[in-house]
Amino acid sequence: LGAENRYTINAGFPDDETTEHTVTLSNLEPDTTYHFQTRSQGRLGPVAISEDSTFTTLKLTPEIVDVKFREITEGTATLVWETNLPTKNILAYTNAQTGEEEKVEDQSFLKNHEVSLKNLTSATSYSVRIQSIDEEGNSSFSQYLPFSTNISTEPPKIFQLRISTALIPDRVETVQTIISWKTDKPSSSRVLFGEGSSKKLGQNTPLDPTLSRDHIIITTLLKPGTVYQIQAESSD
């Protein structure tokens, strides 16, 4: 192109008379090479014109904006946010009590995002940070966002109850009984039991106050060759 046709935009302050000149060029495209030339004219004489030069604007990087918690329950937290570019995402969240960190990956390259953190512990403080990655591998991180799950008003649910017994060698009339089960949230462990087929449970094992989802009680309180009613008990 000819010198006059190469430049399609004029910017500056032609009416200002100064020896130091600064011009800001706005609304440029990212990752684009531009030609430019500077021109100055005093009150007298011809226009001073520089040689043609070039510069290249930077590439866009992901920007994470408008992060919100859409919903927090006793076991889940749902976040929504936006990015200026299509990105996939990695959410790293940490249990403030245990220090344990887990990650959730969202492989969808979108600008509007919604991700749920699941299997959280109720009434527990967490922090989460979002990493957004564009299609060229550029990353941006959000701040650490603290949140707390809600307190559950429902009792734990007990499932997968198993019972096994075995005679203890060299110990006459002694049986070892193993009772195990799972709960849907961290809770304590205790077993209630009673002889016969009635539902009267007059004995129990000592309470294990450790809050866990996996429970196991080992006891020698049950007599061999005896029918028992057994009930697992867990409290959150």
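Heads up: the structure comes first, above all this text.
About the thresholds
Residue positions are counted from 1 within each chain, in the order its sequence is given. Restriction of local features to residues with pLDDT of at least 70 applies here, the model being predicted, together with a cutoff of 80 or more for giving and counting side-chain atom pairs; totals for whole chains, interfaces and linings are based on all residues. The side-chain figures draw on all heavy atoms in the structure; neither hydrogens nor water molecules are used. Runs of E in the DSSP output that reach at least two residues are strands. Runs of H or I that reach at least four are helices, and both are numbered from the N terminus. As defined in this context, the radius of gyration uses C-alpha atoms, and a globule is described by 2.2 Å times the residue total to the power 0.38. Only protein chains enter the accessibility calculation, which uses a 1.4 Å probe; a residue is then buried when its area is under 20% of its type maximum, exposed when over 50%, and partly exposed in between. Whether two residues are in contact is decided by their heavy atoms: any pair within 4.5 Å suffices. The Shrake-Rupley method, run with a 1.4 Å probe sphere, supplies the accessible areas, and residue values consider only the shown protein chains as cover. Under the counting rule used here, the positive set is Lys and Arg, the negative set is Asp and Glu, and His together with the chain ends is not counted. A charge is said to be at NZ when it belongs to Lys, at CZ for Arg, at CG for Asp and at CD for Glu. Between N or O atoms, a polar contact is any pair within 3.5 Å; within protein, one atom must be a potential hydrogen donor and the other a potential acceptor, and residues adjacent in sequence are included only when both atoms are from side chains. Within the patch definition used here, like charges are joined within 9 Å and nonpolar side chains (Val, Leu, Ile, Met, Phe, Trp, Tyr) within 5 Å, considering only residues with over 30% relative accessible area and no salt bridge. Take a side-chain nitrogen of Lys or Arg and a carboxyl oxygen of Asp or Glu: if they are within 4 Å of each other, that pair is a salt bridge. Two strands pair if DSSP finds at least two bridges between them. Residues belong to a common nonpolar core when they are buried Ala, Val, Leu, Ile, Met, Phe, Trp, Tyr or Cys residues joined through side-chain atoms within 4.5 Å.

Engineer: What am I meant to see in the overall build of the protein here?
Structural biologist: Summing up its helical and strand segments, the protein has one helix and 15 strands in all. Taking 2.2 N^0.38 as the reference for a compact globule, 236 residues should give roughly 18 Å; the C-alpha atoms of the protein span a radius of gyration of 35 Å, well beyond that estimate. Overall, the C-alpha framework of the protein stretches about 120 × 30 × 25 Å when taken along its three principal axes. Taken over 236 residues, the protein has a buried fraction of 27%. Sequence separation of at least 24 residues holds for 58% of the intrachain contacts in the protein that already meet a minimum separation of 6. If you sum the accessible surface of the protein, you get close to 16,400 Å²; carbon and sulfur atoms cover 48% of it. Here the protein holds 21 positive side-chain charges and 32 negative ones, and the gap between their average locations is 11 Å.

Engineer: Looking at this model, I keep getting lost on the side chain of Thr-78. Mind explaining?
Structural biologist: Within the secondary structure layout, Thr-78 lies in strand E6 (residues 77-95). At a separation of 2.8 Å, a polar atom in the side chain of Thr-78 contacts the side chain of Ser-116. Sequence-distant contacts of Thr-78, that is, excluding residues within four places in its chain, are made with Lys-68, Phe-69, Arg-70, Glu-71, Glu-114, Val-115 and Ser-116.

Engineer: What's the story with a nonpolar patch on the surface in this structure? I'm lost.
Structural biologist: Taken together, Phe-13, Val-23 and Leu-25 make up a surface patch of nonpolar side chains, about 290 Å² in accessible area. Tracing the backbone shows Val-23 in the loop between helix H1 (3-6) and strand E1 (33-36).

Engineer: I keep staring at the pairing of strand E7 (residues 101-117) and nothing clicks. Help me out?
Structural biologist: Residues in a regular strand project their side chains so that they alternate between the two faces of the sheet. In terms of strand pairing, E6 meets E7 through 13 bridges, oriented antiparallel. Residue Ala-77 lies in a different strand from E7, and its bridge partner there is Leu-117. In sequence, E6 turns back onto E7 through a hairpin of five residues, with Gly-99 there showing a positive phi of about 75°.

Engineer: Where do I start with the environment of Thr-226 in this structure?
Structural biologist: Along the chain, Thr-226 falls in the loop between strand E14 (208-219) and strand E15 (228-233). By relative accessible area, which is 29% here, Thr-226 ends up partly exposed. Linking Thr-226 and Gly-196, residues 30 residues apart in sequence, is a C-alpha distance of 7.6 Å.

Engineer: For this particular structure, what's the right way to read the pattern of salt bridges?
Structural biologist: Where charged atoms from two side chains of opposite charge approach closely, those side chains can pair. Under the definition given, this model contains six salt bridges. With a closest N to O distance of 3.8 Å, Lys-68 and Asp-66 form a salt bridge. Residue classification places Asp-66 among the partly exposed positions, given a relative accessible area of 45%. Close ionic contact of Glu-233 with Arg-190 constitutes a salt bridge, the shortest N to O distance being 2.8 Å. In this pair, Glu-233 sits in strand E15 while Arg-190 sits in strand E12 (residues 175-195), placing the two residues 43 residues apart along the sequence.

Engineer: Got a minute to help me understand unusual backbone geometry in this structure?
Structural biologist: Trans is the common state for peptide bonds, and a negative phi is the common state for residues other than glycine. Of note in the backbone geometry, Asp-66 takes a positive phi value of approximately 55° without being a glycine. For Asp-66, the location among the structural elements is in strand E5 (residues 64-72). For Gln-160, which is not glycine, the phi torsion reads 55° and is therefore positive. Structurally, Gln-160 can be placed in strand E11 (residues 158-167).

Engineer: Explain the nonpolar core to me, please; I cannot follow it from the model alone.
Structural biologist: Across soluble globular proteins, you tend to see nonpolar side chains buried next to one another. If you look at the biggest cluster of nonpolar residues, it comprises 14 residues, and the most contacted ones within it are Leu-79, Trp-81, Leu-91, Leu-117, Leu-120, Val-128 and Phe-147. Mapped by element, the contributors of at least two residues to this core are E6, E7, strand E8 (125-134) and strand E10 (145-148). Considering every element that reaches this core, the biggest residue donor is E6, with five residues. With eight residues, the next largest nonpolar core counts Trp-181, Phe-193, Ile-217 and Tyr-228 among its residues.

Engineer: What is the right way to read the pairing of E6 from this model?
Structural biologist: Where E5 and E6 come together, six bridges link them in antiparallel fashion. What sits directly across from Ile-64, in E6, is Thr-83. Summarising the sheet, E6 and E8 pair through nine bridges and their orientation is antiparallel. By the bridge assignment for E8, Ala-92 is matched with Arg-129.

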